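# Chains, contacts and geometry: an overview
So the chains spell out like this:
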Amino acid sequence: MKKKLDKNLEKYFMPDLKKARKRIEKEIETVRYNLENKYENIGNGKTYSVLTYGCQGNEADSEIISGILESLGYEKGTTTDENDVVIINTCAVRENAENKIWGVLGRLKQAKRNNPDMIIGICGCMPQEENVVNTLLEKYHQIDIVFGTHNINNLPRIIYDTYMSKDKVIEVLSTEGKIVENMPKKRANKHRAWVNIMYGCDEFCTYCIVPYTRGKERSRDKDDVINEVKSLVSEGYVEVTLLGQNVNAYGKDLDNGYTFGDLLVDLDKTGIKRIRYTTSHPRDLDDKTIQAMATCKSVMPHIHLPVQSGNDEVLKRMNRKYTKDEYLVLIEKLKKAIPGIAITTDIIVAFPGETQEQFQDTLELVDEVKFDGAFTFIYSPREGTPASKYENLLTEEEKHARLNELVEHTNRFYKEGNERFVGKVVEVLVDEEAKEPGMVCGYSEHFKLVNFVGDKSLIGSLVKVRITEAKTWFVKGELVE
Ligand code: SAH
Ligand code: SF4
Ligand code: F3S
């Protein structure tokens, strides 16, 4: 199949970040997915792969993409690059996330040379950016399909169109559409499942591209979420992770008074053994949620609560809408309500204009909270976001020195955080065989990675393990008979 580059952009649906920034008050419609008959067999006898980068939201989307492809007749290929359809699900959150993707596209150029009929698709957050799609058109002619985060449900038609027209299909929507329920899903794991509870983000932290790439906050109907979890329970799933960029805003757009804390209470009654969720925004974390965490047995005692910075001025310029003290008050509340709770976070260093003193405040906060884990990032300017226009960028040396110093502080507490479990019995959802032969591993209630001697037949079950040794990144234990 021969594809030529057409400079006539009219026929494409191109992304528009300005449009994506707008938040229009309109009711979000929920529709049920329905596959038209004519697409049903277009993948028969063909193979596919989906390469996933980015957050859990993307992992969940990739399960839908795989589910759709299998419903069209495609089978999962045994290699990543040599298939009839290869879809790359991308992340735009930092420059290095994007650079990875450009590398993958370079690699696929060769695969396409070997198999010119192969269809390469790119989706996820990167195609929501104009500059990315322009670069794809100019330099990456091997790409056949470009779609975004709002129209995964149209994938059958998009693939069909590219087969029929023997031309590229570029279809990126910049305003969010409907919530589409009942899309097929090929879940990657048999005992842990992702469950989206909402899409989009309205926080507009000044550094962040996500509100542009994922659109306005839209919550799924509570009954759709509850029914999904109930059917997961009947399929034998043990754990669900509720997903949203800011799960604590769940329900706010539905205006019916039902919020995230209510959802936790209702999901606790479904019979699912474990509930986790990510991500929480400190501004929206309310008492009802903390109460639900304290009282619902299935809600695990771990919270990922990104702080980003420990300095009020920086937090203000990031538009985080809380102060260091307010964050610390939340931490105290959480620790009081859920004794022993594990707290993890995200931190950005070298935000434009961050002074040495301001950075010091972040280190102090880290020393005070003693996080159980932290993802640490160097600020990366994202085109179209307010912070990308801020001045006083730090030098490369300063950025790396700050990151190293921060990591040195955060790592100090990991072992300490693990040591508090030595001698205690924890419950582990066994995930997979560990690197060490004869051992298996999985996560405890507090999201501690536990390695212990055990048979792989335990994978997928909940077992009691006594912790014997704490390392920095994991703990070791023994199966309790
Ligand atoms: N919605 C989540 C996380 C989204 S992105 C939340 O608000 O917590 C995950 C993390 O990436 C963020 O918490 C932030 O620490 C980091 N991040 C986002 N944009 C970034 C940027 N431009 N540069 C560096 N880190 C960034
Ligand atoms: Fe980005 Fe902030 Fe939304 Fe998280 S809350 S996705 S950091 S804008
Ligand atoms: Fe990346 Fe998009 Fe998730 S930018 S972090 S894949 S929402």
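Everything numeric here is computed off the predicted structure, so don't read it as measured data. (Residues numbered from 1 in each chain as written. Chains lettered and ligands numbered in written order. Predicted model: local features only at pLDDT ≥ 70, side-chain atom pairs only at ≥ 80, totals over all residues. Heavy atoms only, no water.)

Moving on: unusual backbone geometry. At the junction of Thr278 and Thr279, the peptide bond is cis and its omega measures out at 5° in the coordinates. Unlike most non-glycine residues, Asn182 shows phi in positive territory, near 65°. Among the secondary structure elements, Asn182 is positioned in the loop between β8 (179-181) and β9 (192-196). Taking the relative accessible area as the measure of exposure, Asn182 reaches 52% and is therefore exposed. Look at Asp255: it is not a glycine, yet its phi comes out positive at around 55°. Mapping Asp255 onto the fold places it in the loop between β12 (239-243) and α8 (260-268). (Helix = DSSP H or I, 4+ residues; strand = E, 2+ residues; numbered from the N terminus. Buried < 20%, exposed > 50% of the residue type's maximum accessible area, 1.4 Å probe, protein only.)

Once that is clear, we can look at the site of ligand 1. Taken together, 15 residues lie near ligand 1, and Arg94, Gln245, Gln308, Asp346 and Ser380 sit nearest. One of the backbone N or O atoms of Gln245 is found 2.8 Å from a nitrogen atom in ligand 1. Asp346 is positioned such that a nitrogen or oxygen atom in its side chain is 2.6 Å from an oxygen atom of ligand 1. Against a free-state accessible area of 540 Å², the protein chains account for coverage of 90% of ligand 1. Those elements giving two or more residues to the shell around ligand 1 turn out to be β15 (342-349) and β16 (373-378). Residues belonging to the shell around ligand 1 are distributed by class as follows: seven nonpolar, four polar and four charged. (Near = heavy atom within 4 Å. Polar contact = N/O pair within 3.5 Å; in protein donor to acceptor, adjacent residues only side chain to side chain. Areas by Shrake-Rupley, 256 points an atom, 1.4 Å probe, with all protein chains shown as cover. Nonpolar A, V, L, I, M, F, W, Y, C, P; charged D, E, K, R; others polar.)

Here the focus is the environment of Arg23. Counting through the fold element by element, Arg23 comes out in the loop between α1 (17-21) and β1 (30-32). Look at Arg23 and you get partly exposed, because its relative accessible area is 25%. Taking the C-alpha atoms as reference, Arg23 lies 8.7 Å from Thr175; in sequence the two are 152 residues apart. Setting aside chain neighbours within four positions, we find Arg23 in contact with Cys201, Asp202, Phe204, Pro211, Gly215 and Lys216. Reaching out from Arg23, the side chain makes a polar contact with the backbone oxygen of Ala20 at a distance of 3.0 Å. (Contact = heavy atoms within 4.5 Å.)

Bringing the sheet that holds β12 into the picture now. With respect to topology, three strands assemble into an open sheet ordered β9-β12-β13, the strand pairing being parallel. Each edge of the open sheet carries a strand with a single partner, namely β9 and β13 (274-278). Sheet twist, expressed as the average angle between the axes of neighbouring strands with direction ignored, equals 25°. In this fold helix α7 (residues 222-234) packs onto β9 and β12, with an angle of close to 170° to the strand it touches most, β9. (Pairing = 2+ DSSP bridges. Axes fitted to C-alpha atoms, helices over the stretch in contact; angles between N-to-C directions.)

What follows deals with a negative patch on the surface. A grouping of Asp312, Asp325, Glu326, Glu332 and Glu368 is seen on the molecular surface, where their side chains present a negatively charged patch. You can see Glu368 is positioned in helix α12 (residues 356-369). Classification of Glu368 as partly exposed rests on a relative accessible area of 48%. (Patch = residues over 30% accessible without salt bridge, like charges linked within 9 Å, V, L, I, M, F, W, Y side chains within 5 Å. Salt bridge = Lys/Arg side-chain N within 4 Å of Asp/Glu carboxyl O. Lys, Arg positive; Asp, Glu negative; His and termini not counted. Charge placed at Lys NZ, Arg CZ, Asp CG, Glu CD.)

On the surface, a cluster of positive charge is made up of Lys18, Lys19, Arg21, Lys22 and Lys389. Take Lys389: its relative accessible area is 66%, and that puts it in the exposed class.

Another point: the pairing of strand β19 (residues 449-453). With five bridges connecting them, strand β18 (residues 439-443) and β19 associate as antiparallel partners. Residue pairing across strands places Met439 opposite Val453, the latter belonging to β19. Taking the residues that link successive antiparallel strands as the turn, the β18-β19 hairpin has five residues, and the phi of Phe447 there is positive, at about 65°.

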